Amino acid sequence: MLAINLFLPNLRHRRVVAGTVGRVFLALSGIPFTVEGLERLPKTPCVVVANHASYIDAVAIVAALPPEFAFVIKKEMVRVPLAGLLLRRLGSQFVERFDRHKGATDARRVLRLAASGQSLMFFPEGTFDETRQIAKFLGGAFTTAARAKMPVVAVAIHGTRSVMPPGGISIRRRPIRVEILAVLPADEARLKSRELIANSVGDPLAP
């Protein structure tokens, strides 16, 4: 996929290729993959938020969503060989989590992108660990949605922790399901989306 995307000049075409390759990868790996509720996605720009439990979440969400979405990702990923280059080629936005000044600069850049009409996808937990729970959602996705006057779409990713557990490198042939749950107004989405996702995947809310 990286070799192909290096030579495709059009961003949308690069995203289409990424989605196709993601679906082919899951199929060749023997992982049943389904997407439910795509008809719930707004036809206008929006912000998608999803739970995060495994490195393979990124493959699943790229395979599931249409190519209109830019991914907002922790800045540490830019230093991962090949993955950082591929993510940049897909128009991903990298956000600093530990330096407040740099993080604010990144947040303003993401907001400008949203204000231009670009749909965005966030993992608002920020990261994941071995604890099976839905961590508290960071505020960036919801602040961006509110200021850009975009709705928030809650998405539940099922099964990825079983396919590739945290800390593991092997892939198990277990089903993955991506479920579009609901479209929410930005001002109530931070709490509501977290509750909807937790109820859907069956994981507890972190205190």
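Residues numbered from 1 in each chain as written. Predicted model: local features only at pLDDT ≥ 70, side-chain atom pairs only at ≥ 80, totals over all residues. Heavy atoms only, no water.

(A) Local environment of the overall build of the protein. Along the backbone of the protein there are eight helices and seven strands. Counting over 207 residues, the protein shows a buried share of 46%. In the protein, the share of contacts with a sequence separation of at least 24, taken over all contacts with a separation of at least 6, comes to 70%. Carbon and sulfur atoms provide 59% of the accessible area of the protein, an area that totals close to 10,700 Å². (Helix = DSSP H or I, 4+ residues; strand = E, 2+ residues; numbered from the N terminus. Buried < 20%, exposed > 50% of the residue type's maximum accessible area, 1.4 Å probe, protein only. Contact = heavy atoms within 4.5 Å. Areas by Shrake-Rupley, 256 points an atom, 1.4 Å probe, with all protein chains shown as cover.)

(B) Expanded view of the packing of helix 2 (residues 11–28) against helix 3 (residues 57–64). Look at helix 2 against helix 3: their axes get within 7 Å of each other, and the N-to-C directions meet at 120°. Viewed along their axes, helix 2 and helix 3 adopt a mutual orientation that is oblique. With respect to the hand of their crossing, helix 2 and helix 3 are arranged in left-handed fashion. Residue-level contacts link A18, G19, G22, R23, F25 and L26 of helix 2 to V59, V62 and A63 of helix 3. (Axes fitted to C-alpha atoms, helices over the stretch in contact; angles between N-to-C directions. Parallel < 35°, antiparallel > 145°, perpendicular 65-115°, else oblique. Left-handed = near helix turned anticlockwise from the far one by under 90°.)

(C) A look at the sheet that holds strand 7 (residues 176–184). The mixed open sheet is built from seven strands, whose spatial order is 1-7-6-2-5-3-4. Two strands bound the open sheet, and with one partner strand each, they are strand 1 (33–36) and strand 4 (93–95). Neighbour to neighbour, the strand axes of the sheet diverge by 25° on average, direction disregarded. By the bridge criterion, three bridges tie strand 2 (residues 47–50) to strand 5 (residues 119–122) in an arrangement that is parallel. (Pairing = 2+ DSSP bridges.)

(D) Seen up close, the pattern of salt bridges. Counting across every chain of the model gives five salt bridges. E68 serves as the salt-bridge partner of R12, at 2.7 Å between the closest nitrogen and oxygen. One end of the pair, R12, is in helix 2; the other, E68, is in the loop between helix 3 and strand 3 (69–74), with 56 residues separating them in the sequence. Using a relative accessible area of 35% as the deciding quantity, one classes E68 as partly exposed. (Salt bridge = Lys/Arg side-chain N within 4 Å of Asp/Glu carboxyl O.)

(E) Representation of helix 6 (residues 140–148). Among all positions in helix 6, only A141, F142, T144, A145 and A148 are buried. Relative to the axis of helix 6, the buried residues are bounded by an arc of 160° and lie together on one face. Following helix 6 by one or two positions, K149 adopts a phi angle in the positive range, close to 60°. (Arc of directions from axis to C-beta.)

(F) Fine view of the packing of aromatic side chains. For the structure on display, the rule yields two aromatic pairs. A centroid spacing of 5.0 Å and a plane angle of 80° characterise the contact between Y55 and F128, whose relative ring orientation is edge-to-face. Of the two residues, Y55 is situated in the loop between strand 2 and helix 3 and F128 in the loop between strand 5 and helix 6; the sequence distance between them amounts to 73 residues. Under the relative-accessibility criterion, Y55 is labelled exposed at 54%. Considering the side-chain rings of F137 and F142, the 6.1 Å spacing of their centres and the 10° angle between planes classify their relative orientation as stacked. The exposure class assigned to F142 is buried, which follows from its relative accessible area of 5%. (Phe/Tyr/Trp six-rings, centres within 6.5 Å; stacked < 30°, edge-to-face > 60°.)

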